[in-house]
Amino acid sequence: MKLMTACLALLAGACLSAFPVLALDAPKGPVILTLRGDLSTPNVGQTAQFDLAMLEALSGRSARMETPWTAGEVVFSGPLLRAVLDAAGAKGQTMRVRALNDYFAEIPLSDATGMETILATRLNGEPMSVRQKGPLFLIYPFDLDPTLYNEKYFSRSVWQIKDIEVKP
């Protein structure tokens, strides 16, 4: 019995070493987000690239709220930022979230891990165009915590996001 257990353990070890750690699937549609930095599961070179379908398959939420950038109450939905970082195996302390026009905000990673921040892909159920501040808009949980409704978090609410660099 001990010999059989040892053989099974060796076989399992050989099988595990023959296959690399599973990476993210490669995007099949247009890439709308690229993550850089210390990533344990990149899918294109040293980066993790996502298309819309990949992002919307991650754990997320919808939130009804008013913001300084929208008229009246609207519904944002999309993956939780922490789900996106987790999918890429991102490790670090801060992130630089950059928009299409190269505006960026330095944001503590704790804003993703400790809050219900959404990387919004939809506004009122529809994909956001660049004109509507899409394709991605970092939305803080203003609906869950009204104390976040201030200039500090407004400046971190980057829209037209194209990439995120996770930094040590």
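Only a predicted model underlies this, so the values are computations on that prediction, with no experimental measurement involved.

(A) Molecular detail of the packing of aromatic side chains. This model, assessed by the stated rule, comprises 11 aromatic pairs. With 5.9 Å between their ring centres and 65° between their planes, W69 and W159 make a pair best called edge-to-face. Separated by 90 residues along the polypeptide, W69 in the loop between β4 (60-65) and β5 (74-79) and W159 in the loop between α5 (151-156) and β13 (161-167) bring together distant segments of the chain. The exposure class assigned to W159 is partly exposed, which follows from its relative accessible area of 29%.

(B) Structural detail: the sheet that holds strand β1 (residues 31-36). Pairing is mixed in the open sheet, where 5 strands are placed in the order β3-β1-β13-β7-β8. In the strand order of this sheet, the two ends are held by β3 (48-51) and β8 (104-108), each with one partner. Ignoring strand direction, the axes of neighbouring strands in this sheet form an average angle of 20°. Where β1 and β3 come together, 4 bridges link them in antiparallel fashion. Within the sheet, the bridge partner assigned to T34 lies in β3 and is Q49. Of the strands in this sheet, β1, β3, β7 (94-99) and β13 touch helix α3 (residues 81-88), which is tilted by about 65° from β1.

(C) Local environment of the sheet that holds β5. Judged by pairing direction, the sheet is antiparallel, and its 4 strands sit side by side in the order β4-β5-β10-β11 without closing on themselves. Bordering the open sheet on either side are β4 and β11 (126-127), each of which pairs with just one other strand. In this sheet, β5 lies alongside β4 in antiparallel orientation, the contact comprising 6 bridges. Across the sheet, the residue bridging to G60 is P79, located in β5.

(D) Unusual backbone geometry, seen in detail. The omega torsion across G134 and P135 is 10°, close enough to zero to call that bond cis. The residue P135 is located in the loop between β11 and β12 (137-139) in this model. The residue N124 is not glycine, and still its phi comes out positive at about 50°. Position of N124 among the secondary structure elements: in the loop between β10 (122-123) and β11. Residue classification places N124 among the partly exposed residues on the basis of a relative accessible area of 46%.

(E) Inspection of the nonpolar core at higher detail. Counting 45 residues, the largest nonpolar core has L33, L35 and F50 as its most contacted members. No other element matches α3, which puts 5 residues into this core. Residues within four places of L35 in sequence aside, it is in contact with T47, A48, F50, V84, L85, A88 and I164.

What counts, and where the lines are drawn
Residues numbered from 1 in each chain as written. Predicted model: local features only at pLDDT ≥ 70, side-chain atom pairs only at ≥ 80, totals over all residues. Heavy atoms only, no water. Phe/Tyr/Trp six-rings, centres within 6.5 Å; stacked < 30°, edge-to-face > 60°. Helix = DSSP H or I, 4+ residues; strand = E, 2+ residues; numbered from the N terminus. Buried < 20%, exposed > 50% of the residue type's maximum accessible area, 1.4 Å probe, protein only. Pairing = 2+ DSSP bridges. Axes fitted to C-alpha atoms, helices over the stretch in contact; angles between N-to-C directions. Contact = heavy atoms within 4.5 Å. Core = buried A, V, L, I, M, F, W, Y, C linked by side-chain atoms within 4.5 Å.

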